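Breakdown of the fold
Here's the letter readout for the chains.
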Amino acid sequence: MEDILTESLENYLKTIYNIILKKNGVRVKDIAKQLKVKNSSVTVALRTLATKGYINYEPYGIISLTEKGHEVSKKITEKHRILTYFFSNILSLDKNSSEDIASKMEYVLTEEAFNKFKCYIEFFLQWQEANPNWINEFDTFCKQKQIQDAD
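Focus: helix H2 (residues 28–35)
Regarding H2, the residues found buried are Val28, Asp30, Ile31 and Ala32. Close packing links the buried residues of H2 with helix H1 (7–23) and helix H3 (39–51). Where H2 ends, the next residue or the one after it, Lys36, has phi of about 60 degrees, a positive value.

What follows is the structure in structure tokens.
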């Protein structure tokens, strides 16, 4: 079977990973509650993830990640974390917007683009240490830009 994950399956995998980190185990009802979906929807996704080799799953049992699933989950979670950080701490968007945008972007961002993005964030964090007033300058720039764009 082809080894491509849809955005939805990536979201399930990320959710499984995060629940395991918190609770050391995960069941269908935990995933359904977290994602606000029906148990039957979770079961369909779990069967697909198991077939693709990302999880170990037996009905009514504890779900665990395979080595492959663990590695992919870590990458997805890292992408989400870094994107969320960027939108909330660098662009000063609210937490909910940052989470939502990160969830949408993490799926479409290629590995090459994400690696460049990570380098940019690291560069920016080093640069901001030498320029502690950057946020005020950025806010001023954005306000001036909005005024110019309105004209």
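Still to come is the rest of the account.
What to know about the packing of helix H4 (residues 67–90) against helix H6 (residues 111–130)
Close contact between H4 and H6 brings their axes to 11 Å; oriented N to C, the two are set at 45 degrees. By the criterion of interaxial angle, the relationship of H4 to H6 is oblique. At the point where H4 passes H6, the crossing takes the left-handed sense. Note on element contacts: H6 touches H4 through Glu111, Phe114, Phe117, Lys118, Tyr120, Ile121, Phe124 and Leu125, opposite Lys75, Glu78, Lys79, Ile82, Leu83, Tyr85, Phe86 and Ile90. Residues belonging to the contact of H4 with H6 are distributed by class as follows: eleven nonpolar, no polar and five charged.

Overview of the nonpolar core
With 21 residues, the main nonpolar core has Leu13, Ile16, Ile31, Leu46, Leu49, Ile55 and Ile63 as its most contacted residues. Mapped onto this core, the elements with two or more residues apiece are H1, H2 and H3. Considering every element that reaches this core, the biggest residue donor is H1, with six residues. Those residues in contact with Leu49 that lie beyond four places of it in its chain are Leu5, Leu9, Tyr12, Leu13, Ile16, Tyr54 and Ile55. With twelve residues, the next largest nonpolar core counts Phe86, Phe87, Ile121 and Trp134 among its residues.

Considering the packing of H1 against helix H5 (residues 95–108)
Direction vectors running N to C along H1 and H5 enclose 115 degrees, while the axes themselves pass 10 Å from each other. Relative to H5, the crossing made by H1 is right-handed. Contact residues: H1 offers Glu7, Glu10 and Lys14, while H5 offers Ser103, Lys104, Glu106 and Tyr107. Looking at the contact of H1 with H5 residue by residue, the classes come out as one nonpolar, one polar and five charged.

Digging into H4
The end-to-end C-alpha distance of H4 is 33 Å, a good match for the 34 Å that 24 residues give at a rise of 1.5 Å each. Here H4 has its buried residues at Gly69, Ser73, Ile76, Thr77, Lys79, His80, Ile82, Leu83, Thr84, Phe86, Phe87 and Ile90. Those residues of H4 that are buried are in contact with H1, strand S2 (64–65), H5, H6 and helix H7 (134–150). Following H4 by one or two positions, Ser92 has its phi on the positive side, about 60 degrees.

A closer look at the pattern of salt bridges
Evaluated as defined, the whole model comprises five salt bridges. Between Lys23 and Asp30 there is a salt bridge, and its shortest N-O distance comes to 2.9 Å. According to the relative accessible area criterion, Asp30 is buried, its value standing at 15%. For Lys118, the salt bridge is made with Glu78, and the minimal N-O distance between the two is 3.4 Å. On the criterion of sequence distance, the pair formed by Lys118 in helix H6 and Glu78 in helix H4 is long-range, its members being 40 residues apart. We classify Glu78 as partly exposed; its relative accessible area is 24%.

Definitions and cut-offs
- Residues numbered from 1 in each chain as written.
- Predicted model: local features only at pLDDT ≥ 70, side-chain atom pairs only at ≥ 80, totals over all residues.
- Heavy atoms only, no water.
- Buried < 20%, exposed > 50% of the residue type's maximum accessible area, 1.4 Å probe, protein only.
- Helix = DSSP H or I, 4+ residues; strand = E, 2+ residues; numbered from the N terminus.
- Contact = heavy atoms within 4.5 Å.
- Axes fitted to C-alpha atoms, helices over the stretch in contact; angles between N-to-C directions.
- Parallel < 35°, antiparallel > 145°, perpendicular 65-115°, else oblique.
- Left-handed = near helix turned anticlockwise from the far one by under 90°.
- Nonpolar A, V, L, I, M, F, W, Y, C, P; charged D, E, K, R; others polar.
- Core = buried A, V, L, I, M, F, W, Y, C linked by side-chain atoms within 4.5 Å.
- Expected span 1.5 Å × (residues − 1).
- Salt bridge = Lys/Arg side-chain N within 4 Å of Asp/Glu carboxyl O.

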